[in-house]
Each structure stands twice: as C-alpha cells, then as structure tokens.
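# Descriptive structure summary
The chain contents come next:
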Amino acid sequence: MKITYHGHSVIAVKLEDGTDLLFDPFITGNPKTDLVAEKVQTDYILVTHGHEDHVGDMVPIAKNSDATIIGMVELCAFAKKNGVKHTHGMNIGGKFDFPFGRVKMVHAQHSSGYEVDGQMLYLGEASGFIVQAEGKTIYHAGDTSNFGDMALFGAAFSIDVAFLPIGDNFTMGPTEAASAAKRLNAKQVVPIHYNTFPLIEQDPKAFAALLPAGVGKVLEVGESMTL
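Described in the following lines is the structure provided in the data block. (Residues numbered from 1 in each chain as written. Predicted model: local features only at pLDDT ≥ 70, side-chain atom pairs only at ≥ 80, totals over all residues. Heavy atoms only, no water.)

### Some thoughts on the sheet that holds strand S5 (residues 68–72)
Pairing between the strands of a sheet comes from backbone hydrogen bonds, and it takes one of two forms, parallel or antiparallel. What counts is decided by this rule: For two strands to pair, DSSP has to find at least two bridges joining them. In this description a helix means any DSSP run of H or I spanning at least four residues, a strand means any run of E spanning at least two, and both kinds are numbered starting from the N terminus. All axes here are fitted lines through C-alpha atoms, helices being fitted over the stretch that makes contact, and every angle between N-to-C directions spans 0 to 180 degrees. Note on definitions: a residue-residue contact is assigned when non-hydrogen atoms from the two residues lie within 4.5 Å.
Sheet architecture is open: 7 strands sit in the order S6-S5-S4-S3-S2-S1-S15, paired in mixed fashion. Each having just a single partner strand, strand S6 (86–90) and strand S15 (224–226) make up the two edges of the open sheet. Each strand axis lies, on average, 20 degrees off the axis of its neighbour in the sheet, ignoring direction. In this sheet, strand S3 (residues 20–23) lies alongside strand S2 (residues 11–14) in antiparallel orientation, the contact comprising 4 bridges. Paired with Lys-14 across the strands is Asp-20, a residue of S3. This element, helix H2 (residues 58–65), spans S3, strand S4 (44–46) and S5 of the sheet and lies at about 165 degrees to S4. Contacts from helix H3 (residues 73–81) reach S5 and S6, with the element oriented near 140 degrees to S5.

Here it is in structure tokens:
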C-alpha cells in the first residue's frame, strides 16, 4: 500500500488493487494541504470525529466520488441527511470487514461536534481507526490525548504505522505522543495535526527524535511512504 500525507490529519491510502481510502478530509480552508477538494476521488472516507477540521469536505467528496463514508453512527446520519448515498456507521469497539480489509473503531479522548447555523451539533464520540489490509496494519488516532488503553491496541495488533497528533493545546503534544508511541509499539510513527494553525505549531523532527531510532517518520505535505 501507498500512504500519502496531505497536511493536518489528512491521510490517503492507495491499495494494490486500486482501492483508495481517505482519512479526515479537511481540505477547503486548510492552509497546509496540497489537495483541491473538487479534484479528489476516493472509494472510502474514514472520519474520526465531528470537528470541522476533520469532517472537512467529506460530503462533497463523497457525492463526487460516490464514496462510502465510514464513521460514528451519528456522523453517518449527518452525512445521509446531507445527501450522501453510501455510509457505514460504526461505534467504539466494533469492527467490520469491508471489501478492502478490516476496520476497527477504537476510543479517542476528545470532543466531537459540528456547528450548523450557529448551533453545535453532536456527531458522536471521537474515535480512532485501526485498519488491516494487504497484511498491514495502520492506526489513525484522530484527535486524542495519551491514554492507557493504547497499550491494549499495541498488544492486540502488530501496528506497522501509527499516525499520532502532536499539536498540543487541542490534542496531546510531542512528549505525550512519544509516550503513546511507546504504548502502541508501532514499527513507524508519523506525526499529524500540527502547524496548521498558530496554536498547534510544533517541530515534527524534534518529536521524531524522542522516539527510538528509525521509528519516527516525518512526512512532508504530499510525500508518500510504502508499506
């Protein structure tokens, strides 16, 4: 599989059979992305929680691509109400076997809500995703703090790459993310959710230096890695 970082928490995964996955498609209004929402085509959109900088362009991209949105049941209901044809609602602790592989929805410590007409709409709990496909396992933590159950994820799965937020203020910062990486015991850890706004400015290379040699991998916007 080919994995590409597109800024903030936007991760694209292309599988060998041509299936495309897209995580947290915050594109419009994202000063750190290389994508143009109108040009994005994907098969599945995985959304970790309901904040605007993660929901992003999920509705128009799903409509344009005829893609399936995977997320919390409340978030999927919101997508359906806004004209998305294909959704698959999940909840924390559940897993499902899709044509491309298995998705398990796991806990994240964060809030989740989307503003509509000046009112905050509840879109379900915040979550992370553990995706198993083509013999590889990736973990997208979404927005979260460092919490003890990450050790359970590390014990239950052999994680090839974990995407962890390091921005601080709204999520864990570099030191806490390094502790989370130790709990997860992932082979590689890629920092996300940093430098998009002044409040979350961080040095990703300094974060990578907190990890064992070869574990931390900083991807520039638009850069890819292959598993």
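### So, the sheet that holds strand S12 (residues 136–140)
Ordered by their spatial adjacency, 6 strands build an open sheet running S7-S8-S11-S12-S13-S14, and the pairing between neighbours is mixed. Sheet topology places strand S7 (95–98) and strand S14 (188–192) at the edges, where each strand pairs with a single neighbour. Between one strand axis and the next, the sheet turns by 20 degrees as a mean value, whatever way the strands run. Where strand S11 (residues 127–133) lies against S12, 5 bridges are found, and the strand directions are antiparallel. Along S12, the bridge assignment pairs Val-131 with Ile-138. In this fold helix H5 (residues 174–184) packs onto S12, strand S13 (161–165) and S14, with an angle of close to 155 degrees to the strand it touches most, S13.

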